[in-house]
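So you can see what is in the structure, the chains are spelled out below.
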Amino acid sequence: MRQLTIGDVTITSIIERDGPWRRPEEMFPAYNSEVGRRYLAELDPEVFDPASGRMVITYQTYVVRTPKHTILIDTCTGEDKGYPAPMDFPKQPWLDGFAAAGLKFEDIDYVFCTHLHIDHCGWNTVLRNGRWVPTFPKAKYIFHKREYAAWEEATKRGATPPGNVWRFNCEPVVAAGQAQLVDDDFELDDTLWLTPTPGHSPCHCCVNIRSRGQQAVVIGDLMHHALQCREPDWSTIFDWDPAQAAQSRRRFLGEVAGTGKFVLPIHFPHPTTGLVEADGARFRYKFVR
Ligand SMILES: [Zn+2]
């Protein structure tokens, strides 16, 4: 995706990391290689690298410009977090992408996180004089209050993961008074609102965007790969509650199929944006080119 325009809203992508990543058999505990091979042969060539046997997985942030606000949705892994390989992505590509989008940190009005995993809230904060501070000085950060509470509790209990994700990326935003802790029914305005899609994380949400009769939806990690349209029950090893994740995915796919609503997953490679079509009890993901 270079840019998607719906009504008066433009959506662009800042890519932090791109390319072949994981094998499907490592990602989906329910993976069946015979079935998977058949699907992969039918899918768009961008989503799988046959040479390495790995799925192509992108890490990106969406910039949403509405007539009123400049908004970021999900903020990749960030810089200086000290994450171990392979999550130690170089920081420059994201910073270059941010600048290429014509943005400065102070331009951002809102930051939404679909959930508070390592690769969705990293640029929330930067290290300044040994302290984590909000990267975007004028932004309000929208966190689901029970998602925030769940990772606070897990962190204080010493559970792994999440390691230091909550301490580095979330707590400092609240401490700075820049967080808005919201519930399932949060609406920023007529243009942007949340819908709950729990399972990948305790209170994972989608971010809906509407303008002049057109709609798009940023789905975070409701899906990691187009294979999950063919097999919605293939939850990933990263899903907090795999059965609930599958239920949320199936419900979403059933609701969005055939509506013309643009779907924006975080981890699908360019051209990223897609439309969902029903195919019996399964679905197809059609890239918008
Ligand atoms: Zn993710």
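Preceding block: the structure.
From a predicted model like this one, the values you see are computed outputs, not experimental measurements.

A. A look at the coordination of the zinc ion. Only Asp 119 (OD), His 120 (NE2), Asp 221 (OD) and His 267 (NE2) from the protein coordinate the zinc ion, and they sit 2.1 to 2.2 Å from it. Considering all four donor atoms around the zinc ion, the spread of angles at the metal, 88 to 163°, places the coordination shape in the irregular class. Counting the intervening residues between successive donors of the zinc ion yields the motif D-H-x100-D-x45-H. One end of the pair, Asp 221, is in the loop between strand 14 (214–220) and helix 6 (227–230); the other, His 267, is in the loop between strand 15 (262–265) and strand 16 (274–279), and 46 residues separate them in sequence. His 267 carries the same exposure label as Asp 221, and that label is buried.

B. Just the sheet that holds strand 10 (residues 140–144), in detail. Pairing within the open sheet is mixed, and its seven strands lie in the order 1-2-5-6-7-10-11. Because the sheet does not close on itself, it has two edges, and the strands there are strand 1 (3–6) and strand 11 (179–182). Adjacent strand axes in the sheet meet at a mean angle of 25°, parallel and antiparallel pairs treated alike. Relative to strand 2 (residues 9–17), strand 1 runs antiparallel, the two sharing four bridges. Residue pairing across strands places Leu 4 opposite Ile 11, the latter belonging to strand 2. Helix 3 (residues 92–100) contacts strand 2, strand 5 (59–65) and strand 6 (70–73) of the sheet and is inclined by roughly 160° relative to strand 2. Its contacts with the sheet place helix 5 (residues 165–175) against strand 10 and strand 11, and it is angled at close to 120° to strand 10.

C. Examining the environment of Arg 284 more closely. Within the secondary structure, Arg 284 is located in strand 17 (residues 282–287). Along the backbone, Arg 284 and Leu 43 are 241 residues apart, and their C-alpha atoms lie at a distance of 8.9 Å. Residues in contact with Arg 284, not counting those within four places in the same chain, are Glu 42, Cys 229, Arg 230, Leu 275, Val 276, Glu 277 and Asp 279. Of note is the side chain of Arg 284, whose polar atom sits 3.1 Å from the side chain of Asp 279.

Definitions and cut-offs
- Residues numbered from 1 in each chain as written.
- Predicted model: local features only at pLDDT ≥ 70, side-chain atom pairs only at ≥ 80, totals over all residues.
- Heavy atoms only, no water.
- Donors = N, O, S within 2.8 Å, 3.2 Å for Na, K, Ca; no water.
- Tetrahedral: all angles 85-135°; square planar, octahedral: opposite > 155°, others 65-115°.
- Helix = DSSP H or I, 4+ residues; strand = E, 2+ residues; numbered from the N terminus.
- Buried < 20%, exposed > 50% of the residue type's maximum accessible area, 1.4 Å probe, protein only.
- Pairing = 2+ DSSP bridges.
- Axes fitted to C-alpha atoms, helices over the stretch in contact; angles between N-to-C directions.
- Contact = heavy atoms within 4.5 Å.
- Polar contact = N/O pair within 3.5 Å; in protein donor to acceptor, adjacent residues only side chain to side chain.

The values reported here are purely geometric and, on their own, carry no functional implication.
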